[in-house]
Amino acid sequence: MDLLEKYIHDHTSPEDELLHELDRETNLRVVQPRMISGHVQGKLLEMLVRMHRPQRILEIGTFTGYSALCMAAGLDEGAEIHTCEVEDELEPLSQSFFDRSPHGSKIHLHIGSALDIAPTLGCEFDMVFIDGDKREYPEYYRMLMGDNGSKPLVHSGSVLIADNILWYGKVVQPVAHNDRHTQALIEFNRMVRDDERVESVIVPIRDGLNIIYIK
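Residues numbered from 1 in each chain as written. Predicted model: local features only at pLDDT ≥ 70, side-chain atom pairs only at ≥ 80, totals over all residues. Heavy atoms only, no water.

Participant: Now, about unusual backbone geometry: what can you tell me, with residues and values included?
Facilitator: Despite not being glycine, phenylalanine 63 shows a phi value in the positive range, around 55 degrees. Counting through the fold element by element, phenylalanine 63 comes out in the loop between β1 (56-60) and α4 (66-74). Backbone geometry at asparagine 164 places phi at a positive 60 degrees, although glycine is not the residue there. For asparagine 164, a relative accessible area of 13% corresponds to the buried category. (Helix = DSSP H or I, 4+ residues; strand = E, 2+ residues; numbered from the N terminus. Buried < 20%, exposed > 50% of the residue type's maximum accessible area, 1.4 Å probe, protein only.)

Participant: Give a detailed account of the sheet that holds strand β6 (residues 198-203), specifying residues and quantitative values.
Facilitator: Read across the sheet, 7 strands follow the order β3-β2-β1-β4-β5-β7-β6 without closing on themselves; strand pairing throughout is mixed. Of all strands in the sheet, those with a lone pairing partner are β3 (107-111) and β6, marking the two edges. In this sheet, neighbouring strand axes are inclined to one another by 15 degrees on average, regardless of whether the strands run parallel or antiparallel. Bridge analysis of β1 against strand β2 (residues 80-85) gives 5 bridges, and the strand direction is parallel. Paired with leucine 58 across the strands is histidine 82, a residue of β2. (Pairing = 2+ DSSP bridges. Axes fitted to C-alpha atoms, helices over the stretch in contact; angles between N-to-C directions.)

Participant: Explain empty space enclosed by the protein residue by residue, including any values.
Facilitator: Over the atoms a probe the size of a water molecule is rolled, and this reveals where empty space is left. For the structure shown, the criterion picks out 1 cavity of 30 Å³ or more. One number sums up the size of the largest cavity: a volume of about 40 Å³. Around the largest cavity, the lining residues are Met35, Ile36, Ser37, Thr62, Phe63, Thr64, Tyr66, Ser67 and Asp131. In terms of residue class, the lining of the largest cavity is built from 4 nonpolar, 4 polar and 1 charged. (1 Å grid on protein atoms, 1.4 Å probe; cavity = no way out; pocket = protein on both sides within 12 Å on 5 of 7 lines; lining within 4 Å. Points joined across faces, edges and corners; volume = space filled by probe spheres on them. Nonpolar A, V, L, I, M, F, W, Y, C, P; charged D, E, K, R; others polar.)

Participant: Go over the packing of helix α2 (residues 17-29) against helix α5 (residues 91-100) with me, naming the residues and quoting the values.
Facilitator: Pairs of packed helices are described in terms of their axes, by the angle between the two and the distance that separates them. Where α2 contacts α5, the two axes come as close as 11 Å, and the packing angle between them is 170 degrees. When the axes of α2 and α5 are compared, the pair comes out roughly antiparallel. Two packed elements cross with a definite hand, and for α2 against α5 that hand is right-handed. Contact residues: α2 offers Leu18, Glu21, Leu22, Glu25 and Arg29, while α5 offers Leu93, Phe97 and Arg100. Residue classes in the contact of α2 with α5 are distributed as 4 nonpolar, no polar and 4 charged. (Parallel < 35°, antiparallel > 145°, perpendicular 65-115°, else oblique. Left-handed = near helix turned anticlockwise from the far one by under 90°. Contact = heavy atoms within 4.5 Å.)

Participant: Can you tell me about the layout of surface pockets, naming the residues and giving the values?
Facilitator: Volume-wise, the largest pocket comes out at about 870 Å³. Surrounding the largest pocket, 33 residues form its lining, Gln32, Met35, Asp131, Gly132 and Lys134 being those nearest its centre.

Participant: Tell me about the packing of aromatic side chains, and please be specific about residues and values.
Facilitator: Under the defined criterion, the tally for this structure stands at 4 aromatic pairs. Seen in terms of ring centroids, tyrosine 137 and phenylalanine 188 are 5.4 Å apart; in terms of plane orientation they differ by 75 degrees. Their pairing is edge-to-face. Of this pair, tyrosine 137 sits in helix α7 (residues 137-145) while phenylalanine 188 is found in helix α8 (residues 180-194), placing the two residues 51 residues apart along the sequence. Of the residues examined, phenylalanine 188 reaches a relative accessible area of 0% and is grouped as buried. Centre to centre, the rings of tryptophan 167 and tyrosine 168 are 5.2 Å apart; their planes meet at 45 degrees, and the pair counts as tilted. Counting every residue linked through ring pairs, the aromatic cluster contains Tyr137, Tyr140, Tyr141 and Phe188. Taking the ring centre of phenylalanine 97 as reference, the NZ or CZ of arginine 100 above it sits at 5.1 Å. (Phe/Tyr/Trp six-rings, centres within 6.5 Å; stacked < 30°, edge-to-face > 60°. Lys NZ or Arg CZ within 6 Å of the ring centre and 35° of its normal.)

Take a look at the structure:
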């Protein structure tokens, strides 16, 4: 952690003890622990939820549950998060922390692809956090907006937050023909930019967030 990053960390509201424990367990037990949202981004997600006051959130990509717990902490009573994770071996770890959290009852964990699960949930979402397979970001967007021929899963006033949108700076570098992750993220950012139904801003926190408001 460099000095400026440490300053930001030290001057952000403290990390909840349960989240700190989950961060530690993720680093000890999970491959690629850097995929966790972490303290500063997690606090930003919590505050965005607190300000927007959604009743239903869809999270695409649970990982070990850090971001879901952060968003759940910002939710009003009676609101809920549906979070989808394709890696079933992560379920015991994330669910154990959901069970220990005072906000865990707001979280519904689904194992499988969000592309299959989300359309079956029978509701529209006021907020969506996209942090799943980077190769599927364009398809997530089409699904949410109803551009794949199905009913839209979001509405006017919904907010989408897409993580890892700068992909370690690869989006501005020459892209290899077989680099499907970077290609898909570039396509996603272009789709959002050119979509007159939305307004968006890319925030360069960590690996980049694309915050998208549906007009």
